[in-house]
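What follows is the residue order along each chain.
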Amino acid sequence: MIRFLSAIALTLGLAMPAGAIDLQEVTSSEGHTAWLVEEHSIPFVSIEIIFTGGASLDPAGRAGAVSLMTSLLSEGAGDYDAQGYAAALEATAGNVSFEAGRDSVSLTIKALSENRDDVIDLAMLALTEPQFGQMSLDRVRAQTIAALERAAQNPNTIAQQTYARLGYAGHPYATPTDGTPATVGSFTLDDILDAHRAAFTSDRVYVGAAGDITPAELSAIVDRVLSALPEADRPLPEYRAFDAGPGVTVVPFPGPQSVIQFGVPGIPADDDDFMEAYLLNEIFGGGGFTSRLMSEIREERGLTYGVYTSLASNQFGDSFVGRMSTGNENAAAAIDLVREQFQWLADGGITQADLERIQTYLTGAYALRFDGNESIARILASMQFQGFPLDYINIRNDLVRAVTLEDIQRVAQRLAHPDQLHFVVVGQPVGLEQDAAAPAE
Amino acid sequence: MVVAKRLILAALAWAVTALAAAAEDPQLFTLDNGMQVVVIEDHRAPVVVHMVWYRVGGADDPAGQSGIAHYLEHLMFKATDNLEEGEFDRVVQANGGTHNAFTSWDYTAYHQRVAADRLALMMEMEADRMVNLRLDRSDWLPERDVILRERGQTLESSPDRQFGEQLRAALYQNHPYGRPIIGWRHEMEQLTGEIATDFYRVHYSPNNAILVVAGDVEAEDVLELAREYYGPIPAVEDLPERHRPQEPPQLAERRVIMEDARVAQPYVHRLYLTPTRTPDDQRQAAAYQVLAALLGGSAQTSILERRLTYDEGIAISAWAGYSGSGLDSGTFTLGIMPVDGVSLDDAEAALDRVLANFLEEGVDMEQLERVRMQIRAEAIYQLDDTQARAQSLGADLALGFTVEQSEEWLDLLEQVTPEEIMAAARRLDRHASVTGWLRGVEE
């Protein structure tokens, strides 16, 4: 993690998203920092605050506590009941929303300039004076369990959860971020209060802002929010290497399609090879239409509508993972194809032309991310959460261009192990033998 | 309290007026071949959105060939006389751009987002595939498997989506809006490159298209480029009129019960046939839009959620919605997902009871003021999202609105009166509705 001992409002002109945008680090009078892009042409501001920890702070057997607690924050705070709070927020036309993730909880704020103080007041109330009443708990719990039961009927969710359960047994990552009907059903108000105390702390926090606000105004808000929070007193989880072992796990599910999730151990986000791995993934199975997997499995053979891989590099565990969906009769063939393509990767299949193409793409596409105050605020908070330096936006494209084919092949040797692939198949695949023990529910 | 609120409203009204002056107004041109060109300048980032909209969609599919408009949208990424299969993707990617396309019942759009200095290249390729598409069997046959997979993956894998498809099919007795955009599977299986090519020749032409360019560009430069790339394409002389089969008077309410083993939480969902938003009359649609916001627009304070989820505690959630984006018809929706132990019958009765109470009690002015505040704020927030501005303007032009009519919409929403809202609510007609129950299979 890189820290800056900077002067107040250290300013860098951004080369990528035009010289029109300036990123500054703001240091408040109480010593907190925040990243800011000032843009006064439209009279509103977006602020994104990321609190490290999230669902990873859930105690054993309490999966989903932080997530449920987060849902309860809009259920009344201070003197407002749930509907009173919502009505007050609606009257400002602002947004205050919390979202629990695997390793963090984010607070997203959007406020018209003339209502900014009112919106911050309401955000503070939700953050520091939530009511957490038993009736709200019971109602939101019922909604959450209903949503979990619906999700449990979604083959993509089943595939993803089975995969995590196999690869991270005994670690928080083995359980879903939102918990299970059993864990959520067991929560008491004490569990919710405990999750609240664990999740929002003044020393595991990152702030990004973009829009119609000055450094001084932002500083005042940061001080106000953070000085109201306690320091962290919970340990974060240990790092755990993903280990599902090789094999195929079939989860029977009705319908004509099989969802197939597959993967191998991944690479940590702070690894020296991460940028190389990022490019490798983009070439192999990234979001574009013409990745190697899309070209081989969709374009050439029409076996699927989409096949994607990603580096699921979380803070405490990582996997190089992919997913596709195909007809039950084609599931076995699709699995063979994925194995072949991992072999292609391991055999040094990526060419200099592939690399140059993805470098041109990634460097060109970078500016497109900065498409509005909310996106920019989120990027600024997220960059700090991931440990990137303030000047990263300036040097990022140079880092992409500096990757060589030799680097890519070295990292392919690290990541592409066809004999380590584990496949989770949710459906009624034809002619597919299950060769690994089915995971316990 | 009242005074304070007036002050806030006055301040906001001023803010919106000032912004309207500051923000760049869309500029409209028409090429000699009939192609409309709209430019929205936004110089905050060196990025441009380039979109071409065709006034054709799933509701224009010939009978028995449902899904052809959407299938053609996929095939537009295949070879042309000048581009190889897949080259369009490769060129956009190589230039760091993103692109995609979508098909609705009434229009089909293709769009790219790239660095602003790549605009000419995007125009060159988009103009090329407006006339030069070449569909070989080796291209269209595997792509048909892809759309069948897409149907399997996005629709048939979800009982909610299938239920929605069944409800629409029951709501529309004659209009092709009752058919899915992606098509019915048995008809999709019969589509061919020849059918797609016929459809393409009839509907894809500059006089049936709208170009929208938004971002870091000058309108005059865009017009010059448009003349260079799209200008030489000849207009199609015999462009068909868009007369789709219309609905007869609907006399009987319909009920649909769907059972599916994958359903974990049963619910009731109702669709009403309603007027749609048209250039001649946007006010009626605006009234339905605000009515939907009052009934279901907020998870905490809207009427259905407040009564059914909070006060009575019989619903996990309850909702209302309005879609006035169809050329020929709109839909108004209501629904409720009951908590365990409450039957769908009782849930539906509760939903109807709350609606009946609303018809008696009328509009709560405080609630209406909050909705209006959010409409006004939307006018500010939307200036931050260039792609969304381009998209909503493009869709409106494709539906026959002028730029001025399109820009009036938020003002009209804000002006909707309680009387208009209540009139819209009273016009919801059970005879022109379908009520669906989705539930699991009885053990």
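Residues numbered from 1 in each chain as written. Chains lettered and ligands numbered in written order. Predicted model: local features only at pLDDT ≥ 70, side-chain atom pairs only at ≥ 80, totals over all residues. Heavy atoms only, no water.

Moving on to the side chain of D384 of chain B. Structurally, D384 of chain B can be placed in the loop between α13 (365-381) and α14 (386-398). In terms of polar contacts, D384 of chain B uses its side chain to reach the backbone amide nitrogen of N373 of chain A, at 2.7 Å. The contact partners of D384 of chain B, leaving out residues within four places of it in the chain, are I42, F44, D371, G372, N373 and E374 of chain A together with R44 of chain B. (Helix = DSSP H or I, 4+ residues; strand = E, 2+ residues; numbered from the N terminus. Polar contact = N/O pair within 3.5 Å; in protein donor to acceptor, adjacent residues only side chain to side chain. Contact = heavy atoms within 4.5 Å.)

So, about the confidence of the model for chain B. All names here are of chain B. Confidence along chain B averages 92 in pLDDT terms, with 95% of residues attaining 70 or more. The low-confidence segment residues 1-22 (pLDDT under 50) makes 21 contacts with residues lying over four places distant or belonging to another chain. Among the scores for the predicted complex, ipTM is 0.76 and pTM is 0.80. (pLDDT = per-residue confidence, 0-100.)

Quick look at the pairing of strand β4 (residues 44-52) of chain A now. Residues and elements named next belong to chain A. With 9 of 9 residues buried, β4 lies mostly within the body of the structure. Going residue by residue along β4, you find F44, S46, E48, I50 and T52 tucked away on one face and V45, I47, I49 and F51 tucked away on the opposite face as well. Strand direction decides the pairing type here: β4 and strand β8 (residues 104-112), joined by 9 bridges, are antiparallel. Bridging from a neighbouring strand, E48 pairs with T108 of β8. Where β4 and strand β9 (residues 205-211) come together, 7 bridges link them in antiparallel fashion. (Buried < 20%, exposed > 50% of the residue type's maximum accessible area, 1.4 Å probe, protein only. Pairing = 2+ DSSP bridges.)

Bringing the pairing of strand β13 (residues 317-327) of chain A into the picture now. The side chains of a regular strand alternate between the sheet's two faces. Residue and element names in this part refer to chain A. Of all 11 residues in β13, 10 are buried, a share of seventy percent or more. Two strands pair when backbone bridges link them, and strand β11 (residues 257-265) and β13 are joined in this way by 9 bridges, in the antiparallel orientation. Residue I260 lies in a different strand from β13, and its bridge partner there is M324. Here strand β12 (residues 307-314) runs beside β13; their pairing, made up of 8 bridges, is antiparallel. Across the sheet, the residue bridging to Y308 is R323, located in β13.

The next subject is the domain arrangement of chain A. All names here are of chain A. Each domain of chain A was delimited in the assignment, giving domain 1 (10-226) and domain 2 (247-368 + 389-427). For domain 1 and domain 2, the distance between their C-alpha centres works out to 30 Å. The interface is formed by 26 residues belonging to domain 1 together with 29 residues belonging to domain 2. Both sides together, the interface formed by domain 1 and domain 2 hides about 2300 Å², and carbon and sulfur atoms give 71% of it. Our enumeration of links across domain 1 and domain 2 arrives at 0 salt bridges. Inspection of the domain 1/domain 2 interface yields 6 residue pairs in polar contact (both at pLDDT 80 or more). Listed by contribution, the elements that provide at least two residues to the side of domain 1 that touches domain 2 are β1 (10-13), β2 (22-27) and α5 (155-167). (Domains from an automatic or database assignment. Buried area = accessible area lost by both parts, 1.4 Å probe. Salt bridge = Lys/Arg side-chain N within 4 Å of Asp/Glu carboxyl O.)

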